[in-house]
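Notes for the structure review
The chain contents come next:
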Amino acid sequence: MKLSEAINKGANILKKKNIPSFFLDSEILLSKILDKKREFIILNQNLEIQKNDYSKFISLIHKRGSHIPLAYLTKSKEFWKSDFYVDNRVLIPRPDTEIIIEEILSIFKAKKINNFLEIGVGSGCIVLSILNEIKNLKATGIDISQKALEVCKINSKKLGLNSRLRLYKSDIDKFDIGKYDLIVSNPPYICRSDLNNLMKDVIGYEPKNALNGGNDGVFEIRKVVKKSSKLLKKNGKLVLEIGHSQKDRVINMLKNNGFFIQKVIKDLGQNNRCITSIKI
């Protein structure tokens, strides 16, 4: 069987399972099995696929057909300028979160940052992307999930950054190590009642503790804001990712905890996504 035939068979299976990106996913899964770039697959569709490889490919196709996220099947997700290892221990990095990287890099250009903390590191995509950009910077990261910290460690070693990142297993409520010039967090911000309305790929497989923002959606954000007011130095900055409908509530929360609102940034879909504030 030729590669083109395998791709088409895989795509047809995924289409019947209501996978929107059925053809692209089929190409990506075949490239995973053959350990080749997708471009190689596209340019060499007349090559023959071995029976063993085809069997492995179809197995992955059926898993994707059951809505297991593509990133969990390939064990990788591109974010910013790096390829991150991901599995079901962590939330899959989203393109919209890259606006946080852009914002933090602009902060570094304008202000000297010596102490940098991420609350809820997950895969490490935010803090490690920053460390990759800002040479000689060291950072601290915390997460309540030991499993997430294990994935973050895999990525820090993969990117050669493990010596520049200190990791702690802790809820933000109980973390009291250090004072910081900059804190960043992408906390869970989905209302508990809305979780079941998420796509099957998300609610069926991604860790719920990385999604669940409590009954009002801002339970975890509230904890981050309150503790950040104590962990930040005077004039230190807090960069928060939020849900698009949470802007006013979070702004009031920040003001009540001694923060000046610097800016609200919209994501690729023009939804409110990120708030930068200053501890006064």
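Before any of the text, the structure's been laid out above.
Described below are features of the structure shown in this document. Worth saying up front: this structure is predicted, and the values here are computed from it rather than measured.

With that out of the way, let us pick up the overall build of the chain. When helices and strands are tallied, the chain shows 11 helices and nine strands. Against the 2.2 N^0.38 benchmark of 19 Å for 280 residues, the chain shows a C-alpha radius of gyration of 21 Å, consistent with a compact globule. Its C-alpha atoms put the chain at 65 × 40 × 30 Å along the principal axes. Evaluated residue by residue, the chain yields a buried proportion of 50% over its 280 residues. In the chain, of all internal contacts separated by at least 6 residues, the share reaching a separation of at least 24 is 66%. A total of about 14000 Å² of accessible surface is found on the chain, and carbon and sulfur atoms cover 49% of it. Between the averaged position of the 50 positive side-chain charges in the chain and that of its 30 negative side-chain charges there is a distance of 4 Å.

Strand pairing in a sheet relies on backbone hydrogen bonds, with the paired strands running either antiparallel or parallel. The strand order across the open sheet formed by seven strands is S5-S4-S3-S6-S7-S9-S8, and the pairing between neighbours is mixed. Since the sheet does not close on itself, it has two edges, and those belong to strand S5 (165-169) and strand S8 (259-266), each with one partner. Strand-to-strand twist across the sheet, computed as the mean angle between neighbouring axes with direction ignored, equals 15°. Pairing geometry for strand S4 (residues 139-143) and S5, over five bridges, is parallel. For glycine 141, the partnering residue across the bridge sits in S5 and is leucine 167. Of the strands in this sheet, strand S3 (116-119), strand S6 (180-185), strand S7 (232-241), S8 and strand S9 (272-279) touch helix H10 (residues 219-231), which is tilted by about 160° from S7.

The next subject is the pattern of salt bridges. Under the defined criterion, the tally for this structure stands at 16 salt bridges. One salt bridge in this structure joins lysine 158 and aspartate 83, with 3.5 Å as the shortest N-O distance. Of this pair, lysine 158 sits in helix H8 (residues 146-158) while aspartate 83 sits in strand S2 (residues 82-84), placing them 75 residues apart in sequence. A salt bridge links arginine 89 to glutamate 150, with the shortest nitrogen-to-oxygen separation between them at 3.0 Å. Taken together, the positions of arginine 89 in the loop between S2 and helix H6 (98-110) and glutamate 150 in helix H8 put the pair 61 residues apart, joining distant regions of the chain. On the basis of relative accessible area, arginine 89 is assigned to the partly exposed category, the value being 23%. Classification of glutamate 150 as partly exposed rests on a relative accessible area of 34%.

How each quantity is defined
- Residues numbered from 1 in each chain as written.
- Predicted model: local features only at pLDDT ≥ 70, side-chain atom pairs only at ≥ 80, totals over all residues.
- Heavy atoms only, no water.
- Helix = DSSP H or I, 4+ residues; strand = E, 2+ residues; numbered from the N terminus.
- Rg over C-alpha atoms; globule rule 2.2 N^0.38 Å.
- Buried < 20%, exposed > 50% of the residue type's maximum accessible area, 1.4 Å probe, protein only.
- Contact = heavy atoms within 4.5 Å.
- Areas by Shrake-Rupley, 256 points an atom, 1.4 Å probe, with all protein chains shown as cover.
- Lys, Arg positive; Asp, Glu negative; His and termini not counted.
- Charge placed at Lys NZ, Arg CZ, Asp CG, Glu CD.
- Pairing = 2+ DSSP bridges.
- Axes fitted to C-alpha atoms, helices over the stretch in contact; angles between N-to-C directions.
- Salt bridge = Lys/Arg side-chain N within 4 Å of Asp/Glu carboxyl O.

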